[in-house]
Amino acid sequence: MSLGVFVGTRRAAATVLFLALACGAAGAGTDNWRFDTANDGLVTASVYATNKLITGGGALSYSPVLTIACRADGEPAWTEWLQLNDAVSASRKITMSVTIDGAGKFDESWSVGTRGRQLMRDGADGIKRLVPANRLLLSWRFGLLSGRGQADFDLAGFDEAVSQIAGSCKTDRP
């Protein structure tokens, strides 16, 4: 094989690889999101954290799950929650530290749900602020003596997920 043919073949292969990667990235959209519609009209989109939390005395690990949801005829129409395997010790409210795209951290009050394993925040404002974001970092205390939990989320496809949920709920995007 001559040097010219070899270089031409490598250039063609590199072009094909580049186009395949570009098309794959463009089509990725909501690939990391899982959608569901419940019988009661709740429409959800969920994504796993990119990090793991250790549970069971260090024997097991899991990724927390962030879910955004809407209910067509419900109040509030929009909500978000964090699903954990380990319960927090708070009973009604918990302070959640929020960092969006590495900007300054701020604190919010989230409700504690089912057996302390679900942390929830109602309202469209929480969803709206995440639409342009790429990353979300949530941090909270499991209890007075049990340390902090942290969940890091890649929000690729968030805007498309919100649009899909709003369409299914027949409601306006936040």
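Whatever comes next refers back to the structure up there.
Predicted model only: the values in this text are computed from it and were never measured.

Draft legend 1. How the structure looks around the nonpolar core. Of all hydrophobic cores here, the largest spans 38 residues; its most connected members are L82, L119, L138, W140 and F153. Sorting elements by how many residues they give to this core places helix α3 (residues 158–169) first, with 6 residues. In this structure, F153 is in contact with V47, Y48, A49, P64, V65, L66, L82, N134, R135, L136 and L138, ignoring residues within four places of it in sequence.

Draft legend 2. View of the environment of A90. Tracing the sequence through the fold places A90 in the loop between β6 (78–83) and β7 (93–100). Judged by relative accessible area, which is 26%, A90 ranks as partly exposed. In sequence terms A90 and V112 are 22 residues apart; their C-alpha atoms lie 6.9 Å from each other.

Draft legend 3. A look at the pattern of salt bridges. Summed over all chains, the structure comprises 7 salt bridges. Of the charged contacts in the structure, one is a salt bridge between R71 and D40, with a shortest N-O distance of 3.2 Å. Within this pair, whereas R71 is found in strand β5 (residues 65–71), its partner D40 is found in the loop between β1 (34–37) and β2 (42–48), the two being separated by 31 residues in sequence. Measuring nitrogen to oxygen at the nearest pair gives 3.3 Å for the salt bridge that ties R135 to D152.

What counts, and where the lines are drawn
Residues numbered from 1 in each chain as written. Predicted model: local features only at pLDDT ≥ 70, side-chain atom pairs only at ≥ 80, totals over all residues. Heavy atoms only, no water. Core = buried A, V, L, I, M, F, W, Y, C linked by side-chain atoms within 4.5 Å. Buried < 20%, exposed > 50% of the residue type's maximum accessible area, 1.4 Å probe, protein only. Helix = DSSP H or I, 4+ residues; strand = E, 2+ residues; numbered from the N terminus. Contact = heavy atoms within 4.5 Å. Salt bridge = Lys/Arg side-chain N within 4 Å of Asp/Glu carboxyl O.

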